[in-house]
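Each chain is listed here by its residues.
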2 protein chains.
Amino acid sequence: MDDNNNTEIDMKSLKRKTLSEQVIDEIINLLMTGKLKPGDRLPSEQEFMKMCNVSRPVIREALASLEVMGIVNRKTRHGTFFSEQIGSRPFAMMLALSASNLSSIIEIRVALELGLVTLAAEKITDEDLERLKETIEKMKKLPTEDSSEEDKEFHKIIAHSAKNPLFEGVINPLQQFHDQMLGNIPIEDRDLKVTLEHHINIYDALVKRDPVEAYASMYHHLNYVKNKAINNLHRI
Amino acid sequence: MDDNNNTEIDMKSLKRKTLSEQVIDEIINLLMTGKLKPGDRLPSEQEFMKMCNVSRPVIREALASLEVMGIVNRKTRHGTFFSEQIGSRPFAMMLALSASNLSSIIEIRVALELGLVTLAAEKITDEDLERLKETIEKMKKLPTEDSSEEDKEFHKIIAHSAKNPLFEGVINPLQQFHDQMLGNIPIEDRDLKVTLEHHINIYDALVKRDPVEAYASMYHHLNYVKNKAINNLHRI
DNA sequence: TACATTTAAATTGTAAGACAAATAAATTAA
DNA sequence: TTAATTTATTTGTCTTACAATTTAAATGTA
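As the structure is a prediction and not an experimental result, all values here were calculated from the model.

The rules behind each value
Residues numbered from 1 in each chain as written. Chains lettered and ligands numbered in written order. Predicted model: local features only at pLDDT ≥ 70, side-chain atom pairs only at ≥ 80, totals over all residues. Heavy atoms only, no water. Near = heavy atom within 4 Å. Polar contact = N/O pair within 3.5 Å; in protein donor to acceptor, adjacent residues only side chain to side chain. Helix = DSSP H or I, 4+ residues; strand = E, 2+ residues; numbered from the N terminus. Nonpolar A, V, L, I, M, F, W, Y, C, P; charged D, E, K, R; others polar.

1. Some words on the protein's contact with DNA strand D
Here comes step 1: Near DNA strand D, the surroundings consist of 22 residues, among which Leu19, Thr76 and Arg77 of chain A together with Arg56 and Arg77 of chain B are the closest.
Here comes step 2: Backbone atoms, meaning sugar plus phosphate, form 57% of the atoms of DNA strand D positioned within 4 Å of the protein.
Here comes step 3: Leu19 of chain A places a polar main-chain atom, nitrogen or oxygen, 2.7 Å from a phosphate oxygen of DNA strand D.
Here comes step 4: Here Glu45 of chain B contributes a backbone N or O atom positioned 3.0 Å from a phosphate oxygen of DNA strand D.
Here comes step 5: If you list the elements that add at least two residues to the surface near DNA strand D, you get helix H3 (56-68) of chain A together with helix H3 (56-68), strand S1 (72-75) and strand S2 (79-82) of chain B.
Here comes step 6: Of the residues that constitute the surface near DNA strand D, the class distribution is four nonpolar, seven polar and eleven charged.

2. Digging into the protein's contact with DNA strand C
Here comes step 1: With respect to spatial proximity, 22 residues lie near DNA strand C, and among them Arg56, Arg60 and Arg77 of chain A together with Leu19 and Arg77 of chain B are the closest.
Here comes step 2: A distance of 2.5 Å separates a base nitrogen of DNA strand C from a polar atom in the side chain of Arg56 of chain A.
Here comes step 3: Sorting the residues of the surface near DNA strand C by element identifies H3, strand S1 (72-75) and strand S2 (79-82) of chain A together with H3 of chain B as the ones contributing at least two each.
Here comes step 4: Element by element, the count of residues in the surface near DNA strand C is highest for H3 of chain B, at three residues.
Here comes step 5: Looking at the surface near DNA strand C residue by residue, the class counts come to four nonpolar, eight polar and ten charged.

What follows is the structure in C-alpha cells.
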C-alpha cells in the first residue's frame, strides 16, 4: 500500500471468494491438471478438512455444489467420486434463469440443433440412420397430423448420433425445456406432409454425410418450426 | 405394499434426494413458475429455515450450490438474489470433466460456432460488422503469420453479435478452454493468407445476412482450424 | 465349510449453537 | 445538513453432536 498513489486501483471489482469457493477451485484443478480423472475417488470430507485446514461445513458446501453440477457423486460410506461424464441436470437448472425469455431459449436451441446436425453428418452410424428411417416410416403411417412424438424422437436420435456426452448434456435440457414450457404446437397449425418432407431431406443429407446439405435442410425445418413456436408463444 | 406382487418394481433406480437438493428444487421452481424473476430477492436463510423446516446448513448447502451455478448471488447483510443472467463459470466448471477428452471439446466448439454464425447472420448489427471489418483490416497489416489474437477477437465479436447471454455463457468457456488447454497452433503451421481469406468470406456472408453461406464459410474455416488443432494435439 | 445374521466401521447427512465478517440502516455529533 | 459512529441484519465459518446409509468384518448356525 506504499505504492504509487496515482495508480487508480478499483478494489471493488474484486469479489471476495468464500472458503467453499476456494475448495471448489482446488477440486476442479485436480481435474484440469489430470491429477485425478473422471471416475476417480476424491479424498473423504475428513481428509479434505485436514488438507485445506477448514471446517467440515465448508467442505460440505463445496462438495454439495459440485454434486449438483454433476461433477461429483457422493455416496454414504463409499466416498465421493468424480463423475464419468456430465449429465443434463446442471444445464437444465441454468435454463431456469431464462424461463421468462423463451424466445432466447428457442433461438439457442435452433443454433445448437444446427451445429449438432453437422456433427451428426460426420459421425452418424448406419444403425442411427436405420432408426431415423424408422421414425420416418412411422410418420408415414400416422392417422392424424400429430407427429410430435416422432419429431422428438427424430431429434433425439440425431443428438445421440453425435456421440458427445457434453453436447447431449446441453441439448437434452433444451429439448425438454422447450417441450415443457412451450407445449406442443397446436394441431391445427401442423402439416404432417411438410414435416415429413423436412425429415426426409435431413435424412437424405445424413445418408450422404453431407454437412452443408444437412445444415440447409435442418435450417429450413427449424425455421418452419420456430415460426410456429413463436406464434404459439404469442398466443399464450 | 399390499399391491400386486407380480409387478416388478425396481426400487434401486430411485436416488434418495438429500434435503439440500429438495431445497434447490423448490428454489428453481420459484423461477420456473414465475413467482420470482431474475434480479428478485430471495428469502433470507432464517426465513428459508422456517419455511422448509430444515436446519441452516441444509439451506446454506443449497444456496452455495446455486451460487456456484451463477443462479443466485449472496451478499452479506444484503441478502440473496436471483442473477439477471447466467455467466460463464458454471459451464467452464462442467468442462473440467472433459479435460481429458479434448477432441470432444474441439468437436462441440465447432458445432456451437456453426450454430452461432447462423444466429449472427440473422441478428448482426452494422456496428458488429464494423468491428469484424476492423479485425480483418488489422490482420492485413500483421507483420507475422501469427493472427491468433485477431482470430480470437473475430470469434468473440460473432459470439457477442448473437445477443444471447445463455449462448455466450456456453461458448465463452469453450473458447477459453480451447485456448488454455490447446494453446495456440504453432507458428509454422499457420497461414495468414488462408485465415484472412476465411474471415473475409465469413464476413461477406454476414454482410449479406445469409445463414447458409455464413455456415458454409465458417464450416470451411473451422475444418481447417480443427485439423490443425487435432494435429497439434497429437504432438503433445 | 458355507451361508445367514449381526455388529462394527466408514463416510455422508443433518442439526444446533456460537461467533465472525460485511455492510446497510439508524442514530448521534458537529 | 453532513459526517461519523453505532447498531442491526444477513451471510460466512466453526465446533460439536447425533443420524443415516452402506459396506466390511465378525459371529452364529446348519
